[in-house]
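Working through the structure, step by step
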Amino acid sequence: MDLIFFGVGLSVIFIILLPLAFYLKAKKLRTVEDILEHGNRYYSLNIFMALHGLLHYGSVFLFDWYAKCYNLLSDRNKVPAQASILFKVYFVIFMLCVLLMFLSTLFFE
């Protein structure tokens with residue numbers, strides 16, 4: 001059972017999240033950075049920074065307290081709804097995969 005959780009979590013990361021990350025990096029990340037970071041492009045430099053940026057912006061769009069910590073609460077409403085939904089979906093799926101993979105270590109017999 002534990003190997004199934006780990007396998008499902010890892011396969012979802014490679015089959016769903018990695019292509020979604022490349023899509024978001026190519027199409028939506030620069031738009032979001034232009035709006036939220038006022039043109040400074042920290043996260044669109046390479047894929048490793050983009051993965052970090054996708055999680056950062058996903059949590060900005062999901063949680064008010066997180067957006068308030070980074071002074072992005074008022075600017076996040078300017079982002080197109082389709083882009084913010086994709087960042088939220090990426091964040092939630094990533095966290096569920098990590099939870100599945102972590103649960104596999106807890107129930108290891």
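Read on for a plain summary of the structure.

The rules behind these values
- Residues numbered from 1 in each chain as written.
- Predicted model: local features only at pLDDT ≥ 70, side-chain atom pairs only at ≥ 80, totals over all residues.
- Heavy atoms only, no water.
- Helix = DSSP H or I, 4+ residues; strand = E, 2+ residues; numbered from the N terminus.
- Buried < 20%, exposed > 50% of the residue type's maximum accessible area, 1.4 Å probe, protein only.
- Contact = heavy atoms within 4.5 Å.
- Areas by Shrake-Rupley, 256 points an atom, 1.4 Å probe, with all protein chains shown as cover.
- Lys, Arg positive; Asp, Glu negative; His and termini not counted.
- Charge placed at Lys NZ, Arg CZ, Asp CG, Glu CD.
- Core = buried A, V, L, I, M, F, W, Y, C linked by side-chain atoms within 4.5 Å.
- Polar contact = N/O pair within 3.5 Å; in protein donor to acceptor, adjacent residues only side chain to side chain.
- Patch = residues over 30% accessible without salt bridge, like charges linked within 9 Å, V, L, I, M, F, W, Y side chains within 5 Å.
- Salt bridge = Lys/Arg side-chain N within 4 Å of Asp/Glu carboxyl O.

This next bit is on the overall build of the protein. Summing up its helical and strand segments, the protein has 5 helices and 0 strands in all. Along the chain direction, N to C, the helices and strands of the protein fall in the order α-α-α-α-α. Burial statistics for the protein: of 109 residues in total, 34% are counted as buried. The long-range share in the protein, meaning contacts at least 24 apart out of those at least 6 apart in sequence, stands at 66%. When the accessible area of the protein is evaluated, it comes to approximately 6,800 Å², of which 70% is carbon and sulfur surface. Taken as two groups, the 9 positive and 7 negative side-chain charges of the protein have centres that lie 12 Å from each other.

Further remarks concern the nonpolar core. Nonpolar side chains in soluble globular proteins tend to be buried together. Grouped together as the largest cluster of nonpolar side chains are 22 residues, with contacts concentrated most on Val32, Leu36, Tyr57 and Phe87. Among the secondary structure elements, those contributing two or more residues to this core are α1 (2-27), α2 (29-36), α3 (47-62), α4 (64-69) and α5 (81-106). Once you skip the residues sitting within four places of it in the chain, tyrosine 57 turns out to touch Leu29, Val32, Glu33, Leu36, Glu37, Tyr43 and Phe87.

Our next topic: the side chain of serine 104. With respect to the secondary-structure elements, serine 104 resides in helix α5. Within polar-contact distance, the side chain of serine 104 engages the backbone oxygen of methionine 101 at 2.6 Å. Those residues within four positions of serine 104 in sequence are excluded, and the remaining contacts are Asp2, Phe5 and Phe6.

Where nonpolar side chains cluster on the molecular surface, the patch consists of Leu3, Phe6, Leu10, Phe14, Ile15, Ile16, Leu18 and Phe22 and spans about 790 Å² of accessible area. Residue classification places leucine 3 among the exposed residues on the basis of a relative accessible area of 66%.

Quick look at the pattern of salt bridges now. Enumeration over the complete set of coordinates arrives at 3 salt bridges. Notably, a salt bridge pairs aspartate 64 with arginine 76, separated by 2.1 Å at the nearest N-O pair. On the criterion of sequence distance, the pair formed by aspartate 64 in helix α4 and arginine 76 in the loop between α4 and α5 is long-range, its members being 12 residues apart. Given a relative accessible area of 45%, aspartate 64 falls into the partly exposed group. Close ionic contact of aspartate 75 with lysine 78 constitutes a salt bridge, the shortest N to O distance being 3.4 Å.

What follows deals with the environment of alanine 50. Within the secondary structure layout, alanine 50 lies in helix α3. Judged by its relative accessible area of 0%, alanine 50 falls in the buried class. Counting along the chain gives 27 residues from alanine 50 to asparagine 77, while the straight-line C-alpha distance between them is 21 Å. For alanine 50, the residues in contact, after removing those within four places along its chain, are Lys25, Leu29 and Tyr43.

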